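# Coordinates in review
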Amino acid sequence: MSEAAQPISGQRALVTGGAGTIGSAVVDQLLAAGAAEVVVLDNFVRGRRENLADATATAGDRLTVVDGDINDRDLVGRLSQGTDLVFHLAAIRITQCAEEPRLALEALVDGTFTVIEAAAAAGVKKVIASSSASVYGLAEQFPTTERHHPYNNDTFYGAAKAFNEGMLRSFKAMYGLDYVALRYFNVYGPRMDAHGKYTEVLIRWMERIAGGEPPLIFGDGAQTMDFVHVHDIARANVLAAKAPVTDTVYNIASAQETSLKELAQALLAAMDSDLPLEHGPERAVNGVTRRLADISAAARDLGWKPEIGLVDGLRGLVRWWVDLGDEAAEAVR
Ligand SMILES: NC(=O)c1ccc[n+]([C@@H]2O[C@H](COP(=O)([O-])OP(=O)(O)OC[C@H]3O[C@@H](n4cnc5c(N)ncnc54)[C@H](O)[C@@H]3O)[C@@H](O)[C@H]2O)c1
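Residues numbered from 1 in each chain as written. Predicted model: local features only at pLDDT ≥ 70, side-chain atom pairs only at ≥ 80, totals over all residues. Heavy atoms only, no water.

## Let's talk about the pattern of salt bridges
Selection criterion: Salt bridges, as used here, are contacts in which a Lys or Arg side-chain nitrogen is within 4 Å of a carboxyl oxygen on Asp or Glu. Put simply, DSSP marks the helices as runs of H or I at least four residues long and the strands as runs of E at least two long, and each gets a number from the N terminus on.
Per the counting criterion, the structure on display carries 18 salt bridges. We note a salt bridge from K125 to D84, for which the minimum N-O separation is 2.8 Å. With K125 in the loop between α5 (101-122) and β5 (126-132) and D84 in the loop between α3 (73-80) and β4 (85-88), the pair connects residues that are 41 residues apart, well separated along the chain. Taking the shortest distance from any N to any O, the salt bridge between R235 and E307 comes out at 3.5 Å.

See the structure below:
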């Protein structure tokens, strides 16, 4: 078996951004797969301790949570010592990157450099890094494969993610650091940020539907996305560590195209609501009007396929949101 195939059982893993939406799901799955120790490094700008409540309750001293920044070189260097696997998820959101590009440079680019520099120095066996479909911008070919060029992206976030992929390749070439980068498409699921400034549209719609108001779509809602559930993404991270692959990237998506309108309808169904849709004036911000991934490479090399369909996934999301106990969820409780 190739050296790039790493078991999870008995290993020590460092998870940056491990208190976030996807990172906390990765932590849960690593612990369930028998990791000897999981160390979370998160500065809690967006992550929440509650996201790690299940892990904390069950893992005992196999879980360590460090409140710190991925730009703290000494800290990252120390945490990387004796680490077998690094799952690098820490980042800020695409919208915040556009508002604060210098912060984005520090968090996404410098931070990633610090993490992989420390990983190479400490002899980490493999890094699994979070990339994004944003590297494609509005693609020219659908379904979009990993071979699609990155030159249609015009966001700082997408540029940083593309550069991160390049950095990882160069570290593999310079130091032999094994890695896999995963390009997630449109992520949804439990532990999404329900309160923050960059709250996802699904949360806003759930609030409206629970309050008896139709979900509001800006424009005709014809733009499409490729939704993938956070548990499936976490599973892809685990499989990317275990598979005998290195120095490569994979699309992680459902390979199903869903329009914004269809998403709102699916959410209404998941909330057993017969409210109509409401359309508001077009808000020209998102230049990416279509997303549809080719996921055959991940299926072939990682043995990964999404398992959670959109309607089931949305029902689970609604249950999680209701359990959060927000005032807005009162009506559907
Ligand atoms: N959610 C999506 O739709 C999506 C899509 C594609 C790619 N991704 C990528 O997946 C990864 C995880 O995203 P998520 O949705 O879980 O986001 P998230 O915001 O829930 O998690 C990111 C975590 O990183 C932490 N963090 C941010 N800056 C940090 C720093 N300097 N030092 C330490 N910790 C820091 C935050 O506190 C947060 O807990 C990110 O790299 C993101 O870019 C997400």
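So much for the structure itself; the text now carries on.
## Quick look at the domain arrangement of the protein chain
What counts here: What fixes the domain bounds is an automatic or database domain assignment. Should any heavy atoms of two residues lie within 4.5 Å, those residues are counted as being in contact. Buried area: the sum, over both parts, of the accessible surface (1.4 Å probe) that disappears when the two are put together. Identification of polar contacts relies on pairs of N or O atoms within 3.5 Å, with a donor-acceptor requirement for protein atoms, meaning one able to donate a hydrogen and the other able to accept it, and with residues adjacent in sequence counted only if both atoms are side-chain atoms. Only Asp, Glu, Lys and Arg are considered charged, only Ala, Val, Leu, Ile, Met, Phe, Trp, Tyr, Cys and Pro nonpolar, and every remaining residue, Gly among them, polar.
One can read the domain layout of the protein chain as domain 1 (12-185 + 229-252) and domain 2 (188-226 + 256-293 + 307-332). Put simply, the middle of domain 1 and the middle of domain 2, counted by C-alpha atoms, are 26 Å apart. Of the residues lining the interface, 26 residues belong to domain 1; the matching set on domain 2 comes to 22 residues. The contact between domain 1 and domain 2 buries some 2200 Å² in all, and 51% of this surface belongs to carbon and sulfur atoms. Summed over the three residues of domain 1 that lose the most area to domain 2, namely F142, F185 and H229, the buried surface amounts to 28% of that side. Scanning the region where domain 1 abuts domain 2 turns up 12 residue pairs in polar contact (both at pLDDT 80 or more). Broken down by secondary-structure element, the contributors of at least two residues to the side of domain 1 that touches domain 2 are α1 (21-32), α4 (94-99) and α8 (230-242). Considered class by class, the residues forming the side of domain 1 that touches domain 2 number seven nonpolar, 11 polar and eight charged.

## Concerning the packing of aromatic side chains
Threshold: Two aromatic rings, drawn from Phe, Tyr or Trp (for Trp, its six-membered ring), form a pair once their centres lie within 6.5 Å of each other, and the interplanar angle then sorts them: stacked below 30 degrees, edge-to-face above 60, tilted otherwise. Think of it in three bands: residues with accessible area under 20% of the maximum for their type are buried, residues over 50% are exposed, and the middle band is partly exposed, with areas taken using a 1.4 Å probe on protein chains only. Sitting over a ring, as applied to charges here, requires NZ of Lys or CZ of Arg to be within 6 Å of the ring centre and within 35 degrees of the ring normal.
Under the definition given, this model contains four aromatic pairs. Between Y136 and F185, the ring centres sit 6.2 Å apart and the planes meet at 40°, which makes this aromatic pair tilted. Remark: F185 occurs in the loop between β6 (179-184) and β7 (186-188) and Y136 occurs in the loop between β5 and α6 (156-175); sequence separation between them is 49 residues. According to the relative accessible area criterion, Y136 is buried, its value standing at 1%. F185 gets classed as buried once you look at its relative accessible area, which sits at 7%. One aromatic cluster is present, formed by F113, F171 and Y175 through successive ring pairs. The ring centre of F142 lies 4.2 Å from the NZ or CZ of R290, which sits over that ring.

## Focus on the environment of L63
If you trace the backbone, L63 turns up in strand β3 (residues 63-67). Given the relative accessible area of 12%, L63 is considered buried. Separated by 51 residues in sequence, L63 and R12 have C-alpha atoms that sit 10 Å apart.

## Examining the layout of surface pockets
The condition that has to hold: With a 1 Å grid laid over protein atoms only, a set of points is called a cavity when a 1.4 Å probe fits there but cannot get out and a pocket when it is open yet has protein on both sides within 12 Å along at least five of seven lines; lining residues have an atom within 4 Å of a point. Grid points are joined across faces, edges and corners, and a volume is the space filled by probe spheres set on the points.
Estimated volume of the second largest pocket: approximately 450 Å³. Taken together, 20 residues make up the lining of the second largest pocket; nearest its centre are E146, R147, E165, R183 and V249. Secondary structure elements with two or more residues in the lining of the second largest pocket: α6, β6, β11 (248-252) and α10 (296-302). Looking at the lining of the second largest pocket residue by residue, the class counts come to eight nonpolar, four polar and eight charged.

## Looking at the site of the ligand
Cut-off, in case you're wondering: Proximity is defined per residue: any heavy atom of the residue falling within 4 Å of a molecule or strand makes that residue near it. For the accessible areas, the method is Shrake-Rupley and the probe is 1.4 Å, while residue cover comes only from the protein chains on display.
In the region of the ligand, 26 residues are neighbours, and T21, I22, D42, R46 and Y157 sit closest. A distance of 3.2 Å separates an oxygen atom of the ligand from a polar atom in the backbone of V45. Measuring from an oxygen atom of the ligand, one finds a side-chain N or O atom of R46 at 2.6 Å. Here the ligand, which alone exposes 830 Å², has 94% of that area covered by the protein. Sorting the residues of the shell around the ligand by element identifies α1, β5 and α6 as the ones contributing at least two each. With three residues, the single largest contributor to the shell around the ligand is β5. Broken down by class, the residue content of the shell around the ligand amounts to 12 nonpolar, nine polar and five charged.

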